[in-house]
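Notes for the structure review
Here's the letter readout for the chains.
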Amino acid sequence: MSQNVGMSNCCLSGKVHQGQPAGREDEIGGLSTYISEPENHSKAKSIIFICDIFGYTFPNIRLLADEYAKAGFYAYVPDFHQGDSLPLSFLDNVEPPLKTQETLTLVDKAKDAVIVPTTLGPWLAKHREGVSRPLIDGFVNTVRMTPGTNKIGAIGFCWGGRYAILQAHGQGKSGKGSDIGGVDAAYACHPSLVAVPADFDPVEMPLSLAMGTKDSLLDQGTVGKIQDLMAKKTAVPHEIRLYEDQIHGFALRNDWSSDKDKKAMEYVFADPILSRLRASLES
């Protein structure tokens, strides 16, 4: 049994994309939250973004929320790290994009080998499931009680990908006797720290998964186990899509200067949002 498949340097690779987020910040359920509204301001189809280690201020996730808003979703990007996300400087200074790694010296690689675990270890301990899941469950419940809300979806990346999967366990299935949390559909992009089969056995709601074939955190053996588990859930709408030659973090932090990488990132959000996720939230 695979337990909490980990987090590596690849979580820190990627690019910051250009653009000015069009939404606003507000406080929702006690958490600072970026909000991007659809043109009709309807909350009927609401999406909660569960960010990666770089947090809710990361421009890429806000720009992505804007795109979902344009597609008719009311998008929330909460600060589940409560002001303690990892700094964006890690993107360039700690782990550069893969295409430049071949130029790194042994000294550079040794430095990264020390800095990454000593930074990530304490951060992950501080934002462990016992701390983070109640925040996420509570936020989902707050949105569900918001007037005008009908269906709720969750989209998670990397660290947040696992929590999107946990939300697909269904309402009131937090595993701690709580009656809060649980969304109507979930989408997890390159999730990290997943436990197989424990995180997938309880899935009851529609779930889409996007993973790269070169994801260092989810080897093909683990992906195969996930595919086998989900295949047995014939009553649960689900989709597992593998993206050729894509690394961990590709859905949110791909290098747009690479046509192949950019197309992979674009396809991730051109397909599930308009098919599985949209269908689940509009039914």
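Please read these numbers as outputs of a predicted model, since none were measured by experiment. Residues take numbers from 1 onward in each chain, read along the sequence in its written order. The predicted origin of the model limits local features to residues at a pLDDT of at least 70 and limits the giving and counting of side-chain atom pairs to 80 or more, whereas totals for whole chains, interfaces and linings rest on all residues. Water and hydrogen atoms were dropped before computing side-chain values, which therefore reflect all heavy atoms in the structure.

**Let's talk about the sheet that holds strand β1 (residues 24-28)**
Note on pairing: two strands pair once DSSP finds at least 2 bridges between them. Numbering of helices and strands runs from the N terminus, with a helix taken as a DSSP run of H or I at least four residues long and a strand as a DSSP run of E at least two residues long. The eight strands are arranged β1-β2-β4-β3-β5-β6-β7-β8 in an open sheet whose pairing can be described as mixed. Looking at which strands have only one partner, the edges of the open sheet turn out to be β1 and β8 (238-243). Sheet twist, expressed as the mean angle between neighbouring strand axes with direction ignored, is 20 degrees. One ladder, built from six bridges, connects strand β3 (residues 45-50) with strand β5 (residues 151-157); its direction is parallel. Counterpart to I47 in the pairing with β5 is G153. Contacts between residues were defined by any pair of non-hydrogen atoms, one from each residue, lying within 4.5 Å. Axis definition: a line fit to C-alpha positions, over the contact stretch in the case of helices; interaxial angles, taken between N-to-C directions, run 0 to 180 degrees. On top of the sheet, helix α1 (residues 59-70) reaches β1, β2 (31-36), β3, β4 (74-78), β5 and β6 (185-189); it is set at about 50 degrees to β2, its chief contact.

**Some points on the packing of aromatic side chains**
Any Phe, Tyr or Trp ring, taking Trp's six-membered ring, that has another such ring centre within 6.5 Å forms a pair; planes under 30 degrees apart are called stacked, those over 60 apart edge-to-face, and the others tilted. With the rule as written, the count across this model stands at eight aromatic pairs. Geometrically, the ring pair formed by F54 and F58 is tilted, given 5.8 Å between the ring centres and 45 degrees between the ring planes. Judged by its relative accessible area of 0%, F58 falls in the buried class. A centroid spacing of 5.1 Å and a plane angle of 50 degrees characterise the contact between Y74 and Y76, whose relative ring orientation is tilted. When sorted by exposure, Y74 lands in the same class as Y76, which is buried. Through successive ring pairs, a cluster of aromatic residues spans Y74, Y76, F80 and F139. By definition, being over a ring means that NZ of Lys or CZ of Arg is both within 6 Å of the ring centre and within 35 degrees of the ring normal. Its guanidinium or amino end placed over the ring of F73, K45 lies 5.1 Å from that ring's centre, counting from NZ or CZ. A simple rule labels every residue: compare its accessible area, found with a 1.4 Å probe on the protein chains alone, to the largest value its type can have, and call it buried under 20%, exposed over 50%, or partly exposed in between.

**Focus on the nonpolar core**
In plain words, nonpolar cores are sets of buried Ala, Val, Leu, Ile, Met, Phe, Trp, Tyr and Cys residues tied together by side-chain atoms within 4.5 Å. Core analysis: the largest hydrophobic core is formed by 62 residues, its most contacted members being F49 and F200. Discounting chain neighbours no more than four positions away, the residues touching F200 are I165, V194, A195, L209, I226, L229, M230 and K233.

**Some thoughts on the confidence of the model for the protein chain**
pLDDT gives the predictor's per-residue confidence on a scale running from 0 to 100. When pLDDT is averaged along the protein chain, the result is 80; 68% of the residues meet or exceed 70. The weakest mean pLDDT in the protein chain belongs to helix α3 (residues 98-101) at 53; the strongest belongs to β2 at 98. Predicted confidence for residues 5-17 stays below pLDDT 50, and this span has 68 contacts to residues more than four positions away or in other chains.

**A short note on unusual backbone geometry**
In the segment running from V196 into P197, the intervening peptide bond is cis, with an omega of 15 degrees. With respect to the secondary-structure elements, P197 resides in the loop between β6 and β7 (207-212). The residue H41 is not glycine, and still its phi comes out positive at about 65 degrees. For H41, the position within the fold is in the loop between β2 and β3. Non-glycine residue Q82 carries a positive phi angle of around 50 degrees. Positionally, Q82 belongs in the loop between β4 and α2 (89-93). Residue class for Q82 comes out exposed when judged on its relative accessible area of 52%.

**Overview of the pattern of salt bridges**
We define a salt bridge as a side-chain nitrogen of Lys or Arg found within 4 Å of a carboxyl oxygen belonging to Asp or Glu. Scanning the model with the defined rule gives eleven salt bridges in all. Among the ionic pairs, E129 bridges to R162, the shortest N-O distance being 3.0 Å. Within this pair, whereas E129 is found in helix α5 (residues 129-144), its partner R162 is found in helix α6 (residues 159-167), the two being separated by 33 residues in sequence. Between R144 and D184 there is a salt bridge, and its shortest N-O distance comes to 3.5 Å.

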